[in-house]
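Here is what each chain is made of, one letter per residue.
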Amino acid sequence: MFDEKRFAGELKRKGVMVDEEQECYLSLKIFSAEDIDRATMNPNGDMRRYQALIWVRHKDENYITNIASGLPNPSWDSACIIPLGIYEPYKYFLHVEVYRMCSKSDPGPSSGIALVGKTRIPLPKLGHKICGRFGLVRPNDAVGPSSGSSSDLGCIAEGHIILNMETKTFF
C-alpha cells in the first residue's frame, strides 16, 4: 500500500521537495576564471580586464562582478545572494557570462565589450553545495553555412570559471 506521507517525507529529506512556504536563495561565490584568453592575443603584455554577468531567471535582476584584471586568469573573489522564491528542483540554472571590457582590439561593437565565454550550471538540491571548475564556451563566428566548417555546434571551449554555490532557506 502506498504511504503518501512517508513518500513526501522521503522526497523532502532528499531535497527534491520542500514545504511550499519556504523561501529559498542561492549563496554564490565566484573566485576566478582560468585560461579565458591566449597570452599571444595580447603581445604587449598588458593586463586585460574582465567582468562576469550572473543570473538565474531572465526576469530577475542580473548580478555583475567588479572588473578584474588578469591574463589569462582574472580573479574576482566576489559573493552574492540570489533570491529564488519557492524552491523548484531541476527547473532553474545558474547562467554565467564573462566579458572582456574596454578592449580596443576586439572586432565587433564599438563599446569595447566582447563575450569571452559563458556557461549554464544546474542549481544544487536544497541544502547542498556545488564547488568546482566549470567549462566556458563562446560563440564561434566562423561556423555557418558559408564557412565550410564540418562542425554545426557553433561554439568553442574557452577556459573555465571557478565558483561555489549553495541553496538555502530563509529562516
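Residues numbered from 1 in each chain as written. Predicted model: local features only at pLDDT ≥ 70, side-chain atom pairs only at ≥ 80, totals over all residues. Heavy atoms only, no water.

**Points about the overall build of the protein**
A count of helices and strands for the protein gives one helix and nine strands. Starting at the N terminus and walking to the C terminus, you meet the elements of the protein as α-β-β-β-β-β-β-β-β-β. A total of 171 residues make up the protein; the buried ones form 37% of that total. In the protein, once contacts between residues fewer than 6 apart in sequence are set aside, the share between residues at least 24 apart is 68%. Here the protein displays about 10,700 Å² of accessible surface, and carbon together with sulfur accounts for 53% of that area. (Helix = DSSP H or I, 4+ residues; strand = E, 2+ residues; numbered from the N terminus. Buried < 20%, exposed > 50% of the residue type's maximum accessible area, 1.4 Å probe, protein only. Contact = heavy atoms within 4.5 Å. Areas by Shrake-Rupley, 256 points an atom, 1.4 Å probe, with all protein chains shown as cover.)

**Quick word on unusual backbone geometry**
A positive phi is found at Asp35, a non-glycine position, where the angle reads about 55°. Topologically, Asp35 is positioned in the loop between β1 (23–34) and β2 (49–55). Even without a glycine there, the phi angle at Asp77 is positive, about 50°. Within the secondary structure layout, Asp77 lies in strand β5 (residues 75–86). Its relative accessible area of 56% is what places Asp77 among the exposed residues.

**Some words on the environment of Ala33**
Here Ala33 is to be found in strand β1. On the basis of relative accessible area, Ala33 is assigned to the buried category, the value being 1%. Sequence separation between Ala33 and Pro72 is 39 residues, and the spatial gap between their C-alpha atoms is 8.0 Å. The contact partners of Ala33, leaving out residues within four places of it in the chain, are Pro72, Asn73, Pro74, Trp76, His160 and Ile161.

**Thoughts on the confidence of the model for the protein**
For the protein, mean pLDDT is 79; residues scoring 70 or higher make up 69% of the total. In the model, residues 146–151 has pLDDT below 50 throughout and makes three contacts with residues more than four positions away in sequence or in other chains. (pLDDT = per-residue confidence, 0-100.)

**Examining the pattern of salt bridges**
Under the counting rule described, the total for this entry stands at four salt bridges. We note a salt bridge from Lys91 to Glu88, for which the minimum N-O separation is 3.3 Å. The salt bridge partner of Glu166 is Lys168, with a shortest N-O separation of 3.9 Å. (Salt bridge = Lys/Arg side-chain N within 4 Å of Asp/Glu carboxyl O.)

**A few points about the nonpolar core**
The nonpolar side chains of soluble globular proteins are, as a tendency, buried together. Leu28, Trp76, Ile82, Leu94, Val98, Ile161 and Leu163 are the most contacted members of the largest nonpolar core, which has 30 residues in total. Residue contributions to this core peak at five residues, all from β1. Not counting chain neighbours up to four residues away, the residues in contact with Leu28 comprise Ile54, Ser78, Ala79, Cys80, Ile82, Leu94, Leu163, Asn164 and Met165. (Core = buried A, V, L, I, M, F, W, Y, C linked by side-chain atoms within 4.5 Å.)

**Digging into the side chain of Glu97**
Examined against the element boundaries, Glu97 turns out to sit in strand β6 (residues 93–101). The charged side chain of Glu97 is buried without a salt bridge, its nearest counter-charge being Lys118 at 4.8 Å. Among the polar contacts made by the side chain of Glu97, one reaches the side chain of Tyr99 at a distance of 2.4 Å. With residues near it in sequence (within four places) discarded, Glu97 still touches Gln51, Ala52, Leu53, Trp55, Leu115, Gly117 and Lys118. (Lys, Arg positive; Asp, Glu negative; His and termini not counted. Polar contact = N/O pair within 3.5 Å; in protein donor to acceptor, adjacent residues only side chain to side chain.)

**Describing the pairing of strand β9 (residues 155–169)**
The pairing of β1 with β9 spans 10 bridges and is classified as antiparallel. Pairing of Cys24 across the sheet is with Thr169, part of β9. As paired strands, strand β8 (residues 129–139) and β9 are joined by 10 bridges and run antiparallel to one another. Bridge pairing in β9 links Cys131 to Asn164. (Pairing = 2+ DSSP bridges.)

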